[in-house]
Amino acid sequence: MAEAPSEPIAFPFPDPPSVRDVPPQLAEIRDGESVVEVKFPDGITGWMVTKHADVRKVLVDSRFSSKVMASAAAAMSETETGKLMNESLVGMDAPEHTRLRKLVTKAFTARNVEQLRPRIAEMVAELLDEMETLPRPVDLVKAFSVPLPVRVICELLGVPAADQDTFHAWSNALLGDWSQVVEKEMATVSLVQYFGELIARKRENPGDDLITALIKVSEEDPTLTDREITALSIGILSAGHETTANQLSMFLVHLLNDQEQLKELRANPDALPRAIDELLRFVPLTTTGGIIPRLTTAEVELSGGKVLPAGAVVLPAVATANRDPEVFEDGDRLDLKREQNPHLSFGAGIHYCLGAQLARIELQEAFRAILDRMPEVRLAVPESELQLKTASIIRGLESLPITW
């Protein structure tokens, strides 16, 4: 007698017991069936994949479409938020994605981004100087983790310093509590209007920034519209600062929990690049452990002979792929000396994170300075009192009180 099909698992999963933990359900799935049916809050069902090979396949195989998912989201709503998702790089497939990404890739080459390192180090020093004047304990999230990537991205885009706090508020609303639909729409409308006005000003008074560079491209290639420049800018702003801001705080919590490795890293700061990549692998970026879902455009077979039909929603669980024991030896342990590290934290394929190297440099320079200038840095409250942001897509802390 055939077994009755199991019920879909409710998703997202409950928060883990500690801010450093991943939901235990993720590991159970990875070590069990590895591809399971899940049910989202809106009643839609889809498939979660957890193995490294399967997650990578979802990210690189053109049969898993980002555009179809974005189009479906936009079709469900005539809001500016839905339209913008459909027009963003993360919501496109080739060839549209290829055309737009090619226009901005030059600004994010390893060589160009490396040239930003001295300026990023200056921003880090300025923020730490300001922190040292504040009464302790200091909230690292408010005083450092948020302002640093905001300043970096805004300077890269050409956004005036006076507008940076407002920008963070808009971006936070865009990527924050997913139930706040009205707030997200208001933030999106504000961002679209702001960038439209900024593009007009930059056209009259060019600067040495990415928006000016894109305007110059549009003058030579009329297929690049102001609306596309706006969508690209908002995508870079949102993806470029909210993720790094949360990683800065979460990484420090993990390092403070492992004093032996922290001591070794402090004694050998040249090992920071490898250590940062290991933290990128080990510390989940999202609260759910997954990233933007895809939709299958054809039947696809995954590991274990699991066949997904066309039209299936697929959620790639990067958090468990990055700890897959078939790829990472002792993957559930943070090992700052790990040499082989093919993690998928920046994605893969055509949607590989445009700002991956920029994020690495920000994280490297931030921790280089923190470890040097704050040798006795420590939590000012018990770790059990730290709280994750409520209903946020990106996994981050509400605050991180520290002293030194």
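Scope of this entry: the structure provided in the associated data block. (Residues numbered from 1 in each chain as written. Predicted model: local features only at pLDDT ≥ 70, side-chain atom pairs only at ≥ 80, totals over all residues. Heavy atoms only, no water.)

## Regarding the overall build of the chain
Within the chain, the regular secondary structure consists of 17 helices and 11 strands. Dimensions along the principal axes, computed over C-alpha positions, put the chain at roughly 70 × 55 × 40 Å. In the chain, which comprises 404 residues, the share counted as buried stands at 51%. When contacts within the chain are restricted to residue pairs at least 6 apart in sequence, those whose partners lie at least 24 apart make up 71%. (Helix = DSSP H or I, 4+ residues; strand = E, 2+ residues; numbered from the N terminus. Buried < 20%, exposed > 50% of the residue type's maximum accessible area, 1.4 Å probe, protein only. Contact = heavy atoms within 4.5 Å.)

## A word on helix α13 (residues 226-256)
The end-to-end C-alpha distance of α13 is 45 Å, a good match for the 45 Å that 31 residues give at a rise of 1.5 Å each. In terms of burial, α13 is largely enclosed, as 27 of its 31 residues are buried. (Expected span 1.5 Å × (residues − 1).)

## Quick look at the pairing of strand β9 (residues 313-316)
For a regular strand, side-chain orientation follows a simple rule: the groups alternate between the two sheet faces. The side-chain alternation of β9 yields two buried faces, one formed by V313 and L315 and the other by V314 and P316. Sheet analysis places strand β3 (residues 45-49) next to β9, joined by 3 bridges and oriented parallel. In the strand pairing of β9, V49 is matched with P316. (Pairing = 2+ DSSP bridges.)

## Quick look at the sheet that holds strand β1 (residues 9-10)
On the basis of which strands lie adjacent, the open sheet formed by 6 strands has the order β1-β2-β3-β9-β6-β4 and mixed pairing. Sheet topology places β1 and β4 (64-65) at the edges, where each strand pairs with a single neighbour. Along the sheet, helix α2 (residues 52-60) makes contact with β2 (35-39), β3, β4, β6 (294-296) and β9, crossing β9 at roughly 120°. (Axes fitted to C-alpha atoms, helices over the stretch in contact; angles between N-to-C directions.)

## A short note on the pattern of salt bridges
Close approach of charged atoms allows side chains with opposite charge to pair. A complete count under the given rule lists 24 salt bridges for this structure. Salt bridges sharing common partners tie together R119, E122, E126, E130, R151 and E155. (Salt bridge = Lys/Arg side-chain N within 4 Å of Asp/Glu carboxyl O.)

## Structural notes on the layout of surface pockets
Left-over empty space is what a probe sized like a water molecule reveals as it rolls over the atoms. Volume-wise, the second largest pocket comes out at about 500 Å³. Lining the second largest pocket are 22 residues, with A107, L156, D208, D209 and L210 positioned closest to its centre. When contributions to the lining of the second largest pocket are tallied by element, the ones reaching two or more residues are α5 (96-105), α7 (117-132), α9 (147-157) and α12 (210-220). Sort the elements by how many residues they give to the lining of the second largest pocket and α12 lands first, with 6 residues. Of the residues belonging to the lining of the second largest pocket, the class tally is 12 nonpolar, 4 polar and 6 charged. (1 Å grid on protein atoms, 1.4 Å probe; cavity = no way out; pocket = protein on both sides within 12 Å on 5 of 7 lines; lining within 4 Å. Points joined across faces, edges and corners; volume = space filled by probe spheres on them. Nonpolar A, V, L, I, M, F, W, Y, C, P; charged D, E, K, R; others polar.)

By themselves, these observations are geometric and do not establish any function.
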